[in-house]
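Each chain, letter by letter, is given below.
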Amino acid sequence: MPSAEKVLYVRTLIGHQQARAAKGGNDRLFTAAPEEYVKRIDAAYAQGDQRTADAIFEDLGVRR
């Protein structure tokens, strides 16, 4: 997937997390730039992680 599409996908994941937080249902903060999350997800895949990108993304948030 092209880099621009990865960034767009991560932006949608961040938006989803922000909506969950607004409703009081999120215990993690996602404050890094979308590009940083793309790098971390790509690194996880390079290390053999086979979970979906959104599952990896969930683990990247900082606990409140």
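Residues numbered from 1 in each chain as written. Predicted model: local features only at pLDDT ≥ 70, side-chain atom pairs only at ≥ 80, totals over all residues. Heavy atoms only, no water.

### Re the nonpolar core
Where we set the bar: Among buried residues, those of type Ala, Val, Leu, Ile, Met, Phe, Trp, Tyr and Cys that are joined through side-chain atoms within 4.5 Å constitute a nonpolar core. Relative accessibility thresholds used throughout: buried, under 20% of the residue-type maximum; exposed, over 50%; partly exposed, between the two (1.4 Å probe, protein chains only). For the purposes of this entry, the term helix denotes a DSSP run of H or I that reaches at least four residues, the term strand denotes a run of E that reaches at least two, and both are numbered from the N terminus.
Within the largest apolar cluster, 13 residues are counted, with the highest numbers of intra-cluster contacts made by Val10, Ile14, Tyr37, Ile41 and Phe57. For this core, the secondary-structure elements that each account for two or more residues are α1 (3-22), α2 (34-46) and α3 (53-60).

### Examining the packing of aromatic side chains
As a reminder, the rule being used: Pairing of aromatic side chains here covers Phe, Tyr and the six-membered ring of Trp, requires ring centres within 6.5 Å, and sorts the geometry by plane angle: under 30 degrees stacked, over 60 edge-to-face, intermediate tilted.
Enumeration according to the criterion identifies three aromatic pairs in this entry. Measuring from ring centre to ring centre gives 5.2 Å for Tyr37 and Phe57, while their planes differ by 75°; the resulting arrangement is edge-to-face. Of the two residues, Tyr37 is situated in helix α2 and Phe57 in helix α3; the sequence distance between them amounts to 20 residues. Through a chain of ring-to-ring contacts, the aromatic side chains of Phe30, Tyr37 and Phe57 assemble into a single cluster.

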